[in-house]
Amino acid sequence: MSKILSRLCIKCYSHSPTRSNPTEILFGNQDHLRLRHRFYFTQRDCFAATPTTNLRFLGATNAFLLLIRHAVRFVHKMAGLQPTLETLNFNNLALTSLPVDPNEEKIQRQVPGACFSRVKPTPVLNPSLVCMSLPALQLLDLSDEEVRRPEFVEYFSGNKIMPGSETAAHCYCGHQFGYFSGQLGDGAAMYLGEVINKKGERWEIQLKGAGLTPYSRTADGRKVLRSSIREFLCSEAMYHLGIPTTRAGTCITSDSKVVRDIFYNGNPIQERCTLVLRIAPTFLRFGSFEIFKPTDSETGRAGPSVGRKDMLNTMLDYTIQNFYPVIWKEHSGNKAVMYVEMYKEIVRGTARLVADWQCVGWCHGVLNTDNMSIACVTIDYGPYGFMDKYDPDFICNGSDDGGRYTYKKQPEICRWNCMKLAEAIKDVVPLSETTSHLNLFDEEFGRHYKMKMRQKLGLKKELPEDGKLVENFLDTLLHTGADFTNCFRHLSKFPFPGSAHFSDERSEVLKYLLSQSSSLEELKKFNEPRMDKRQLAMFMMVAQTNPELLSALGRSSQLLEQEIHRMAKLQDLEESTEEDIHKSNKEEWNKWLDKYENRLKKEVENVDDVRELSEQRVTIMNSVNPRFILRNYIAHNAISAAEDGDYSEVRRVLKLLQSPYAESANLEDFGTLSLVNSSSDTVVSKTTDVGQAACHVDQLSYEGKPPAWAGDLRVT
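Here the structure is a predicted model, which is why all the values come from computation and not from measurement.

A. Here's a closer look at the overall build of the protein chain. Secondary structure summary: the protein chain contains 24 helices and 18 strands in total. Among the 716 residues that make up the protein chain, the fraction classed as buried is 53%. Across the protein chain, every contact between residues at least 6 apart in sequence was considered, and the portion connecting residues at least 24 apart equals 71%. If you sum the accessible surface of the protein chain, you get close to 31,900 Å²; carbon and sulfur atoms cover 52% of it.

Printed below as a string of structure tokens:
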């Protein structure tokens, strides 16, 4: 048998691949085939863990069962049958190509000389499906029929392990908020393996919130319902916006509880343990290569695998061969060149990615090196946020006191992270060979951003003044406090000059842009100081006497300047009236629309069929300017309903986000948002009592201007 297994490249383990329930640990299992209209491959536990168990016999038995599994998968494939949960085509290349920790203890510890640590998910009680994305699950060849099986939630809650799956946690380091933090790793996420689908695509799958790992540090390895719903929805939202991202297959909650202090005010509550199935080509990140970093001069921390140049070479080869195969094919004979080419492509890919973020007004919130994908996809959805009002200094992460990861700083930070990647691989590729190519970031970002912005404004010709037109549009959004997404979307209604009813249609566009601009009260609220005057005075004194201390306190001189600017703006607003603001907004928008009109005149010069060009322009604009985005208040209300046991809002929001550009989407098909705790400036449909406080429940559409209370939401 050992010879047969060796020829089939099958590894033998004496541990059972499945666990029947959260409290039972078994040392063996027995499998059987059931043939009806199709094959099913299921497990039935038969060996109990007793002191007299013959582990050698069980190891041989499991080896034989692994052979049977491979045979069943082969039969499925040859017969053209749809894979089942038990016959997914697992091929766990990461664990066979990269070093694995020989120590399988789950205790928190440093893990030298390894990229992965084998660890099992911690089971949960009574798992239930909150939401699933069938398009994402189809990447694994899973059908709707498989999703409806009762075993589905057992497998994707971590209560059972699918045949062929091997679970592990990834070791990585990272620069967090600019400082090297040493070993981090998958503290709550677990690798389940890699599935090769019928198209030959390889997808790594991972459970986030699966329990303790050696990298959990002081945490419990769990995620709760609210953070899991946010990750699930935004992963799929970004994909359907056309932005490279990890995917989310399922969101499963349970009756298991963990304690969380939501507002950090000493009032912890129990929340339900929830897990998200994440899907990506790989979850390797910049920080994966920082495990070799020597002791940092500022933090005194080092990576767990310092000096392991052999490991670094292995990781680089694995990364290029599997995720940059063209580079591998062209340069594998000259690895010095190959590594540089990989670095250059990562720099370019990262630049394009952040340009995509900027063009939809999205902020990541925690752009640490451990949250930057080596495959240049959006990864790790935490305190992210889509902008409502345009604000270049938008901070989506309430704990980013220093404003390191603001909207306008994202390109700069991503470039800085690329520099840190160069430093991480310098033992193999000298810095002189990599950092000289950082200018590629600026070039690629500028090229991709300008291309996207031209599309958003409906400009086909490339003219030198286009950059200034975009800049002026963003300035107008800022000065009028207008909604970023809705204003961009509505520009497709602006016709070419000279067309029939041009003046009337221009007036309608102006009317809409004014409706999306801020009122006097909204501007006052937007410009409220983030710190009191005494605190500001103290920080200003520190900035003048000891600038280094200011940085250590999580503040910056730029942030203080912004605070002073807000205070001055607020003082001006106190002397203004609503009529003043409306007049000012109208002047601002008319001024920009004049520039836009003049630019569009150049689009139709020497064009025979203006009508056809107009149709093409509208189609392009509506394919890059979303109608629907995952605003914080929409996610908040889906979460609020889910925490009360109603998952329909999460599913409805997902359905809408799967068609973000659809002009023909009928909102009645998706129902209406039930908005809880909104302000009185919206239409109240009913009022209920929650505890001792009144709670307004309103009906608003998904695409309207956000309610005033949405600005009070904070995510950390």
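Now that the structure has been shown, the text picks up again.
B. Region of interest: the pairing of strand S8 (residues 179–183). Of all 5 residues in S8, 4 are buried; the element is thus mostly enclosed. Counting the residues that bridge the hairpin from strand S7 (residues 173–176) to S8 gives 2 residues, and of these Phe 177 lies at a positive phi of roughly 50 degrees.

C. Local environment of the pattern of salt bridges. Here the structure, examined in full by the defined rule, presents 44 salt bridges. With a shortest N-O distance of 3.1 Å, Arg 352 and Glu 444 are connected by a salt bridge. Taken together, the positions of Arg 352 in helix H10 (residues 335–360) and Glu 444 in helix H13 (residues 439–457) put the pair 92 residues apart, joining distant regions of the chain. Assessed through its relative accessible area of 11%, Glu 444 is described here as buried.

D. Inspection of the packing of H10 against helix H11 (residues 410–424) at higher detail. Relative to each other, H10 and H11 sit at 160 degrees, their axes nearing to 10 Å. When the axes of H10 and H11 are compared, the pair comes out roughly antiparallel. Between H10 and H11 lies a crossing whose hand is right-handed. Contacts from Tyr 343, Ile 346, Val 347, Thr 350, Val 354, Trp 357 and Gln 358 in H10 reach Gln 410, Pro 411, Cys 414, Cys 418, Met 419, Leu 421 and Ala 422 in H11. Of the residues contributing to the contact of H10 with H11, the split by class is 11 nonpolar, 3 polar and no charged.

E. The arrangement of the nonpolar core in detail. Counting residues in hydrophobic clusters, the biggest one holds 162 residues, and the most contacted among them are Trp 589 and Leu 630. No other element matches the 14 residues that H10 contributes to this core. In this structure, this core is formed jointly by two domains, domain 1 (93–432) and domain 2 (490–623), each of which donates at least three residues. Sequence-distant contacts of Trp 589, defined by excluding residues within four places in its chain, comprise Phe 473, Thr 476, Leu 477, Thr 480, Ala 482, Cys 487, Leu 510, Leu 513, Leu 514 and Ser 517.

F. Representation of the side chain of Asp 186 within the structure. For Asp 186, the location among the structural elements is in the loop between S8 and strand S9 (189–196). Despite its burial, Asp 186 remains without a salt bridge, the nearest opposite charge being carried by Arg 285 at 4.6 Å. Other than its neighbours up to four places away in sequence, Asp 186 contacts Ala 169, His 170, Tyr 172, Gln 206, Thr 213 and Tyr 215.

G. Helix H24 (residues 648–657), seen in detail. Those residues of H24 lying buried are Glu 649, Val 650, Val 653, Leu 654, Leu 656 and Leu 657. Down the axis, H24 shows its buried residues gathered within 165 degrees of arc, on one side only.

H. Representation of the state of the cysteines within the structure. Tallied over the entire structure, the rule returns 0 disulfides. Not part of a disulfide, Cys 251 finds its nearest cysteine sulfur in Cys 131, a span of 7.4 Å.

I. Main features of the packing of aromatic side chains. In total, this model carries 20 aromatic pairs according to the counting rule given. Taking the centre distance of 5.9 Å and the plane angle of 90 degrees together, the rings of Tyr 381 and Tyr 384 count as edge-to-face. Overall, the relative accessible area of 1% leaves Tyr 384 in the buried class. Their ring planes at 25 degrees and their centres at 6.0 Å tell us that Tyr 390 and Phe 484 sit as a pair that is stacked. Here Tyr 390 is found in the loop between strand S15 (385–386) and H11, whereas its partner Phe 484 is found in helix H15 (residues 484–490), with 94 residues between them in sequence. Residue classification places Phe 484 among the buried residues on the basis of a relative accessible area of 1%. Between Lys 293 and the ring centre of Phe 180, over which it is positioned, the NZ or CZ distance is 5.4 Å. Geometry around Trp 416 places Arg 404 over its ring, the cationic atom sitting 4.8 Å from the centre.

J. Summary view of the confidence of the model for the protein chain. When the pLDDT values of the protein chain are averaged, the result is 86; 83% of them are 70 or greater. In the model, residues 3–58 has pLDDT below 50 throughout and makes 112 contacts with residues more than four positions away in sequence or in other chains.

K. Region of interest: the packing of helix H23 (residues 632–643) against H24. Contact geometry for H23 and H24: axes closest at 7 Å, N-to-C directions at 150 degrees. Of the possible angle classes, the one that applies to H23 and H24 is roughly antiparallel. Facing Ile 634, Asn 637, Ala 638, Ala 641 and Ala 642 of H23, the residues of H24 in contact are Glu 649, Val 650 and Val 653. Tallied by class, the residues present in the contact of H23 with H24 amount to 6 nonpolar, 1 polar and 1 charged.

L. Seen up close, unusual backbone geometry. A positive phi angle, near 45 degrees, is found at Asn 126, a position not held by glycine. The residue Asn 126 is located in the loop between strand S4 (116–118) and strand S5 (128–132) in this model. Take Asn 126: its relative accessible area is 56%, and that puts it in the exposed class. The backbone of Tyr 264 shows a phi angle near 55 degrees, a positive value even though the residue is not glycine. Counting through the fold element by element, Tyr 264 comes out in the loop between strand S12 (247–260) and strand S13 (269–280). Exposure remark for Tyr 264: the relative accessible area of 65% places this residue in the exposed category.

M. Looking closely at the environment of Thr 716. Structurally, Thr 716 is set in the segment after strand S18 (693–700). Relative accessible area serves as the criterion here: at 48%, Thr 716 is assigned to the partly exposed category. Distance from Thr 716 to Gly 398, taken between C-alpha atoms, is 4.7 Å for residues 318 residues apart in sequence. In this view, Thr 716 contacts Tyr 264, Pro 383, Asn 397, Gly 398 and Ser 399; residues no more than four positions away in its chain are not counted.

N. Structural view of H10. Look at H10: 38 Å from first C-alpha to last across 26 residues, which is about the 38 Å you get at 1.5 Å a residue. Counting buried positions along H10 yields 19 of 26 residues, so the element is predominantly enclosed. Remark: Gly 361 follows H10 within two positions and exhibits a positive phi of approximately 70 degrees.

O. Main features of the pairing of S7. Bridging between S7 and S8 involves 3 bridges; their strand directions are antiparallel. The partner of His 175 across the bridge, within S8, is Phe 180.

P. Local environment of the side chain of Lys 409. Within the secondary structure layout, Lys 409 lies in the loop between S15 and H11. No salt bridge is formed by the buried Lys 409, whose closest oppositely charged neighbour, Glu 412, lies at an N-O distance of 6.2 Å. Among residues more than four places away in sequence, those in contact with Lys 409 are Gly 403, Arg 404 and Gln 558.

Q. Structural detail: the environment of Ala 210. Of note, Ala 210 is situated in the loop between strand S10 (202–208) and strand S11 (223–224). It is 8.4 Å that separates the C-alpha atoms of Ala 210 and Lys 120, two residues lying 90 residues apart in sequence. In this view, Ala 210 contacts Pro 121, Thr 122, Ala 188, Met 190, Gly 221, Arg 222 and Leu 275; residues no more than four positions away in its chain are not counted.

Quick notes on the rules
- Residues numbered from 1 in each chain as written.
- Predicted model: local features only at pLDDT ≥ 70, side-chain atom pairs only at ≥ 80, totals over all residues.
- Heavy atoms only, no water.
- Helix = DSSP H or I, 4+ residues; strand = E, 2+ residues; numbered from the N terminus.
- Buried < 20%, exposed > 50% of the residue type's maximum accessible area, 1.4 Å probe, protein only.
- Contact = heavy atoms within 4.5 Å.
- Areas by Shrake-Rupley, 256 points an atom, 1.4 Å probe, with all protein chains shown as cover.
- Pairing = 2+ DSSP bridges.
- Salt bridge = Lys/Arg side-chain N within 4 Å of Asp/Glu carboxyl O.
- Axes fitted to C-alpha atoms, helices over the stretch in contact; angles between N-to-C directions.
- Parallel < 35°, antiparallel > 145°, perpendicular 65-115°, else oblique.
- Left-handed = near helix turned anticlockwise from the far one by under 90°.
- Nonpolar A, V, L, I, M, F, W, Y, C, P; charged D, E, K, R; others polar.
- Core = buried A, V, L, I, M, F, W, Y, C linked by side-chain atoms within 4.5 Å.
- Domains from an automatic or database assignment.
- Lys, Arg positive; Asp, Glu negative; His and termini not counted.
- Arc of directions from axis to C-beta.
- Disulfide = S-S within 2.5 Å.
- Phe/Tyr/Trp six-rings, centres within 6.5 Å; stacked < 30°, edge-to-face > 60°.
- Lys NZ or Arg CZ within 6 Å of the ring centre and 35° of its normal.
- pLDDT = per-residue confidence, 0-100.
- Expected span 1.5 Å × (residues − 1).

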